[in-house]
Amino acid sequence: MDDDRPEVLLTGLLFYDLVLTGLGKPPTPGEEIWTAGMGCGPGGIANLAVAASRFGLRTSLATVFGDDFYGAYCQEVLAGQEGVDLSLSRVADGWHTPVTVALAHGDDRALVTHGQEPPYSQDALMGHPPEARTALVHLESEPRAWLSKAAANGTQIFADVGWDPTQVWSTDLLDQLALCHAFLPNETEAMAYTRTDSAVAALGTLSELVPVAVVTRGGDGAVAVDQTTGEYADVPALAVDVLDATGAGDVFGAAFVAASLGGWPLEERLRFAVLAAGLSVRHHGGALAAPGWYGVDRWWRSLTDPDLKRAYGFLADRVPADAGPPVHYAPITPPARPAAFAPVAPGAEHAPAAPKTSSAEHAPISPDTPQSAHCPVPPPDSARQH
């Protein structure tokens with residue numbers, strides 16, 4: 001089979017994220033709090049897209065962009081900066097890109113979002129999905145038609161699931177695991193859907209429903225079973241200073257897929273995913289916190305702890321000789337003037353990648369010099385539209 005096919009296929013809702021960190025304490029009604037940090041960039045499904053692309057995976061994303069400043073900016077970052085294929089995506093005429101403000105405090109965050117449902121469904125975007133090696137999907141109560149088509153194409157489905165606001169946790173959702181190669185919920189979700197009282201017990205139930213079951217446990221690491229190889233793994237989390245946990249689960253999933261495509265043993269896959277997620281929480285969250293091979297390589301080369309050196313010794317043979325250029329972390333300051341973008345035509349069936357701006361308009365963002373970054377804000381006319 002032609003291996004120019006996508007290695008990762010994605011669809012879902014995209015957001016423009018504004019992340020505020022260093023709050024000191026959660027805000028209360030009537031109170032103003034000054035923050036010590038701010039970052040911005042694409043979020044939502046973009047978290048997975050950027051994380052996968054930064055690990056060198058050919059990544060195809062089907063999403064909807066608003067015909068506004070935020071949509072144009074997110075297109076430029078995803079296609080022009082990160083190399084994500086947007087040929088399955090669309091721009092919606094008269095629809096605004098959802099905007100989320102994330103208030104990061106401690107190891108968690110609160111989200112406030114302005115937006116509406118997109119005018120194109122996942123099934124409309126995907127149609128007959130292209131053949132891909134894997135797809136990373138977010139399972140919902142109503143199954144998506146494109147998912148069964150992708151599985152029939154031979155695409156391996158790696159799935160996660162989100163918080164159920166109804167707290168019914170219907171076990172009917174688990175029926176969709178019949179289409180999946182791997183399932184990666186967190187321990188709260190896993191225990192709720194399996195009606196068990198521990199992550200390990202939930203893992204045992206899930207391992208009967210899907211070939212590869214993974215349960216993430218936050219600060220306690222992750223556990224996994226691979227029924228195709230007979231492997232079991234239980235790895236601890238890394239001790240890191242958490243700036244913002246937004247998108248860490250997506251980085252975990254993308255890293256696990258990258259390692260799985262490489263055919264790594266289960267313990268290596270799990271350690272690699274835990275490492276990638278741990279590195280991501282040290283930066284402002286969302287898509288641009290993903291470390292990629294560059295971040296993993298820097299961590300490995302700077303490592304001095306002998307126990308971690310042994311545990312992660314496999315990286316000596318796994319990290320590419322060329323780990324790539326420094327990744328672009330979330331910009332933190334507004335520009336002196338709005339950047340010039342060339343968004344695709346609203347309503348176009350397929351949104352081509354927006355061209356890169358010149359180096360004078362967007363200087364490369366070095367992780368070592370974050371003050372050089374720019375967090376775009378809309379021009380006055382665009383601001384009045386909201």
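Before going into details, it helps to say that this report is about the structure given with it. (Residues numbered from 1 in each chain as written. Predicted model: local features only at pLDDT ≥ 70, side-chain atom pairs only at ≥ 80, totals over all residues. Heavy atoms only, no water.)

All right, on to the sheet that holds strand β14 (residues 231-235) then. What links the strands of a sheet is backbone hydrogen bonding, and the strands pair in either a parallel or an antiparallel sense. Taken together, the 8 strands give an open sheet; going across it, the order is β4-β1-β9-β10-β11-β12-β13-β14, and neighbouring strands pair in mixed fashion. Single-partner strands in this sheet number two, and they are β4 (59-62) and β14. The pairing of strand β9 (residues 134-139) with strand β10 (residues 156-161) spans 6 bridges and is classified as parallel. Bridging across to β10, H138 finds its partner in D160. (Pairing = 2+ DSSP bridges. Helix = DSSP H or I, 4+ residues; strand = E, 2+ residues; numbered from the N terminus.)

It is worth spelling out the pairing of strand β7 (residues 99-105) at this point. Two elements, strand β2 (residues 14-21) and β7, share 5 bridges in a ladder whose sense is parallel. Pairing of D17 across the sheet is with T100, part of β7.

Here the focus is the packing of aromatic side chains. A full pass over the atoms with the stated rule returns 13 aromatic pairs. The structure contains a cluster of three or more aromatic residues connected by ring pairs, namely F55, W264, F272, W293, W299, Y312 and F314. Positioned over the ring face of Y120 is R90, at 4.6 Å from the centre of the ring. In this structure, R271 packs its charged tip against the face of Y312, placed 5.7 Å from the ring centre. (Phe/Tyr/Trp six-rings, centres within 6.5 Å; stacked < 30°, edge-to-face > 60°. Lys NZ or Arg CZ within 6 Å of the ring centre and 35° of its normal.)

Where helix α7 (residues 248-261) meets helix α8 (residues 266-280), the closest approach of the two axes is 8 Å, and the angle between their N-to-C directions is 145 degrees. Between α7 and α8 the crossing geometry is right-handed. Residue-level inspection shows A248, V251, F252, A255, F256, A259 and S260 of α7 in contact with α8, the latter providing L266, R269, L270, F272, A273, V274, A276, A277 and S280. Its residues assigned to classes, the contact of α7 with α8 shows 13 nonpolar, 2 polar and 1 charged. (Axes fitted to C-alpha atoms, helices over the stretch in contact; angles between N-to-C directions. Left-handed = near helix turned anticlockwise from the far one by under 90°. Contact = heavy atoms within 4.5 Å. Nonpolar A, V, L, I, M, F, W, Y, C, P; charged D, E, K, R; others polar.)

The mixed open sheet is built from 4 strands, whose spatial order is β3-β2-β7-β8. Edge positions in the open sheet fall to β3 (37-44) and β8 (108-114), since each of these has one partner strand only. Within this sheet the neighbouring strands show an average axis-to-axis angle of 25 degrees, counted without direction. On the sheet, helix α1 (residues 45-54) packs against β2 and β3 and is oriented at approximately 90 degrees with respect to β3. The strands touched by helix α2 (residues 69-81) are β2, β3 and β7; relative to β2, the strand with the most contacts, the crossing angle is about 90 degrees.

What follows covers the packing of α1 against α7. For any two helices packed against each other, one specifies the crossing angle of their axes together with the interaxial distance. Between α1 and α7, the least distance of the axes is 8 Å, while the angle of their chain directions is 40 degrees. When the axes of α1 and α7 are compared, the pair comes out oblique. Judged by the twist between their axes, the crossing of α1 over α7 is right-handed. Across from N47, L48, A51 and A52 in α1, the residues of α7 making contact are D250, V251 and A254. Its residues placed into classes, the contact of α1 with α7 shows 5 nonpolar, 1 polar and 1 charged. (Parallel < 35°, antiparallel > 145°, perpendicular 65-115°, else oblique.)

For the rest of this paragraph, the subject is the environment of F158. The residue F158 is located in strand β10 in this model. We classify F158 as buried; its relative accessible area is 1%. Between the C-alpha atom of F158 and that of F183, which follows or precedes it by 25 residues, the distance is 5.9 Å. Excluding residues within four positions of it along the chain, F158 makes contact with T134, A135, L136, V137, H181, A182, L184, F256, V257 and S260. (Buried < 20%, exposed > 50% of the residue type's maximum accessible area, 1.4 Å probe, protein only.)

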